[in-house]
Amino acid sequence: MQKNLKKSLLLIGKKQKGFSLIELMIAMSLSLLLMVGVYKVFDLQQSSFRLISSLNDREDNAQLAMKILSDGIRMADHWGGVTSQQVRHIQGSLSAAPGACHSSWVFDTSKGIYGVEGKASVTQLAGLPKNCLKSKHYLAHSDLLALRFADSHDFFYESEIDNKRYQKHYFLRSQSGKSGVLFQGKQLAQAIQQLPDEGFHYNMRFQSSLFFLRPCLTASNVCVEGDAVLTRLVLMGDRYIQEALVEGIEQMHFEYGVDDNNDTLVDRYVVANKVTQWHRVLSVKIYLLVRNSLKDKTMDEKDKTYVMNSSGGQAANSYKVPENARYYPRRLYQSEVALRNRLVN
């Protein structure tokens, strides 16, 4: 009996023998391989998610930039039912303005819309006042667009303007079919004297902006290719200052629809330096090249050229993808916008 019990215990001990070191190492190696595989799948999913998120950001940036530019273009040269020649300006002042982009530029109502053709450097830009932009704040070969108008989205009563909050702000007081007065809030009494209340006048905020592309969002001297930001010089109170708007705009160009025979129809589209009479511009074509913030090795755009003009030729307003940015997905957006209230002279 005792012998049989000892044999049984010995057999049980043999059956319960543990793993050998080799077996344990093989099991650990297999587990490690499985974990690496799971991590790679997870990392791929994360990369795909980040790329999709970047694509969505690109779409959002493009739509936002188009809306900002389109809204301004539609309102350009709007003076409340009068022409720019009928607008008088009570001389005001600016507490801040860059270079020669001072009062005469900011308040130039004779050009409600005005474009500057892009060049290799700021010093080569024809029609832009001297030192209006610093060299490091301008993206080479990108166009600039100045817009000025009376904003009809909000109307102001004299009682609103006549307080400390609006003393430094600029407004246009207009009477449709008669005349308009551009004045600073503290000059309200003078504006009323020049254009008395006859029961159908409007007080609107005066808007003046210069849109351009800045290579970097920050003041850093080192910019990454494609990090350009849609920026504007904008009138805020009595200051004409820079305001960053939308990131990821790699290049920007404009073409202008000109009415040659004064029949209120566009006869041709030209670049800014071909426009001789800005009051004959009835519409604008916007070209925005918008780039992802993340690389995608499956998208190789080596030597690809984006044509950003209506003629389809690569001679003017085209953009060749640089070698160091060939793997960034990008898309060209374009839109045609008509000036809503253009009064052709």
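Relevant structure appears above.
Please read these numbers as outputs of a predicted model, since none were measured by experiment.

K.L.:
Explanation requested: the side chain of Asn 203 in the structure shown.
P.N.:
Relative to the helices and strands, Asn 203 resides in strand S6 (residues 201-214). You can call Asn 203 buried: its relative accessible area is 2%. Reaching out from Asn 203, the side chain makes a polar contact with the side chain of Glu 158 at a distance of 3.2 Å. Look past the residues within four positions of Asn 203 in its chain and what remains in contact with it is Asp 154, Phe 155, Phe 156, Tyr 157, Glu 158, Ile 161, Leu 172 and Arg 173.

K.L.:
What am I meant to see in unusual backbone geometry here?
P.N.:
When glycine is set aside, most residues are seen to have a negative phi, and most peptide bonds are trans. Here the phi dihedral of Asp 77 falls at roughly 65°; this positive angle occurs in a residue that is not glycine. Along the chain, Asp 77 falls in the loop between helix H2 (21-75) and strand S1 (87-89). Of note in the backbone geometry, Asn 262 takes a positive phi value of approximately 60° without being a glycine.

K.L.:
Help me out: how do you make sense of the state of the cysteines in this one?
P.N.:
Covalently bonding the sulfur atom of one cysteine to the sulfur atom of another cysteine gives a disulfide. In this structure the tally under the stated criterion is 1 disulfide. The partner cysteine of Cys 101 in its disulfide is Cys 132, sulfur to sulfur 1.7 Å. Across the S-S bond of Cys 101 and Cys 132 the torsion is about -100°, and the bridge reads as left-handed. With Cys 101 in the loop between S1 and helix H3 (103-106) and Cys 132 in the loop between strand S2 (113-116) and strand S3 (144-155), the pair connects residues that are 31 residues apart, well separated along the chain.

K.L.:
I tried to follow the layout of surface pockets on my own but got confused; where do I start?
P.N.:
Any empty space left between the atoms is revealed when a probe the size of a water molecule rolls over them. Estimated volume of the largest pocket: approximately 410 Å³. Considering the residues around the largest pocket, the lining is formed by 21 residues, among which Phe 149, Gln 207, Ser 209, Arg 232 and Val 234 are closest to the centre. Looking at the lining of the largest pocket, the elements with two or more residues in it are H2, S3, S6 and strand S7 (229-236). Residue classes in the lining of the largest pocket are distributed as 10 nonpolar, 6 polar and 5 charged.

K.L.:
Explain the pattern of salt bridges here, please?
P.N.:
When their charged atoms lie close together, side chains carrying opposite charge are able to pair. For the structure on display, the rule yields 13 salt bridges. In this structure, Arg 268 engages Asp 260 in a salt bridge whose closest nitrogen and oxygen atoms are separated by 2.8 Å. Residues participating in the shared-partner salt-bridge network are Glu 250, Glu 301, Lys 304 and Arg 330.

K.L.:
Got a minute to help me understand the sheet that holds strand S14 (residues 330-338) in this structure?
P.N.:
In any sheet, the strands associate via hydrogen bonds between backbone groups, in a parallel or an antiparallel arrangement. Ordered by their spatial adjacency, 4 strands build an open sheet running S10-S9-S11-S14, and the pairing between neighbours is antiparallel. Both outer strands of the open sheet, strand S10 (268-270) and S14, are each paired with one neighbouring strand and no more. This sheet shows a mean twist of 25° between the axes of neighbouring strands, independent of strand direction. Bridge analysis of strand S9 (residues 249-258) against strand S11 (residues 281-291) gives 9 bridges, and the strand direction is antiparallel. The residue bridging Phe 254 from the neighbouring strand is Ile 286, located in S11.

K.L.:
Any chance you could explain the nonpolar core here in plain terms?
P.N.:
Nonpolar side chains in soluble globular proteins tend to be buried together. By size, the foremost hydrophobic cluster in this structure holds 61 residues, and its most contacted members are Ile 113 and Tyr 256. Considering each element in turn, this core owes the most residues, 6 residues, to S6. In this view, Ile 113 contacts Ala 76, Leu 145, Ala 146, Leu 147, Tyr 256, Trp 278, Val 281, Val 284, Leu 339 and Arg 342; residues no more than four positions away in its chain are not counted. By size, the runner-up hydrophobic cluster in this structure holds 10 residues, among which are Phe 171, Leu 188, Ala 191 and Leu 195.

K.L.:
So what exactly am I meant to see when it comes to a nonpolar patch on the surface here?
P.N.:
On the surface, Ile 22, Ile 26, Leu 30 and Leu 33 cluster together into a nonpolar patch covering about 450 Å² of accessible area. Mapped onto the elements, Leu 33 comes out in helix H2. According to the relative accessible area criterion, Leu 33 is exposed, its value standing at 60%.

K.L.:
Sorry if this is basic, but what is going on with the environment of Lys 302 here?
P.N.:
Residue position: Lys 302 is located in the loop between S11 and strand S12 (305-307). Expressed as a C-alpha distance, the spacing of Lys 302 and Val 321, which sit 19 residues apart in the sequence, is 6.7 Å. Contacts of Lys 302, omitting those with residues within four sequence positions, involve Glu 323 and Arg 326.

K.L.:
Explain the packing of aromatic side chains to me, please; I cannot follow it from the model alone.
P.N.:
Applying the stated criterion across every chain yields a total of 11 aromatic pairs. Summarising the aromatic geometry, the rings of Phe 107 and Tyr 170 are spaced 4.5 Å apart at their centres and angled 45° between planes, so their arrangement reads as tilted. In this pair, Phe 107 sits in the loop between H3 and S2 while Tyr 170 sits in strand S4 (residues 170-175), placing the two residues 63 residues apart along the sequence. Here the guanidinium or amino end of Lys 285 rests over the ring plane of Tyr 269, the centre of that ring lying 4.4 Å away.

Calculation rules
- Residues numbered from 1 in each chain as written.
- Predicted model: local features only at pLDDT ≥ 70, side-chain atom pairs only at ≥ 80, totals over all residues.
- Heavy atoms only, no water.
- Helix = DSSP H or I, 4+ residues; strand = E, 2+ residues; numbered from the N terminus.
- Buried < 20%, exposed > 50% of the residue type's maximum accessible area, 1.4 Å probe, protein only.
- Polar contact = N/O pair within 3.5 Å; in protein donor to acceptor, adjacent residues only side chain to side chain.
- Contact = heavy atoms within 4.5 Å.
- Disulfide = S-S within 2.5 Å.
- 1 Å grid on protein atoms, 1.4 Å probe; cavity = no way out; pocket = protein on both sides within 12 Å on 5 of 7 lines; lining within 4 Å.
- Points joined across faces, edges and corners; volume = space filled by probe spheres on them.
- Nonpolar A, V, L, I, M, F, W, Y, C, P; charged D, E, K, R; others polar.
- Salt bridge = Lys/Arg side-chain N within 4 Å of Asp/Glu carboxyl O.
- Pairing = 2+ DSSP bridges.
- Axes fitted to C-alpha atoms, helices over the stretch in contact; angles between N-to-C directions.
- Core = buried A, V, L, I, M, F, W, Y, C linked by side-chain atoms within 4.5 Å.
- Patch = residues over 30% accessible without salt bridge, like charges linked within 9 Å, V, L, I, M, F, W, Y side chains within 5 Å.
- Areas by Shrake-Rupley, 256 points an atom, 1.4 Å probe, with all protein chains shown as cover.
- Phe/Tyr/Trp six-rings, centres within 6.5 Å; stacked < 30°, edge-to-face > 60°.
- Lys NZ or Arg CZ within 6 Å of the ring centre and 35° of its normal.

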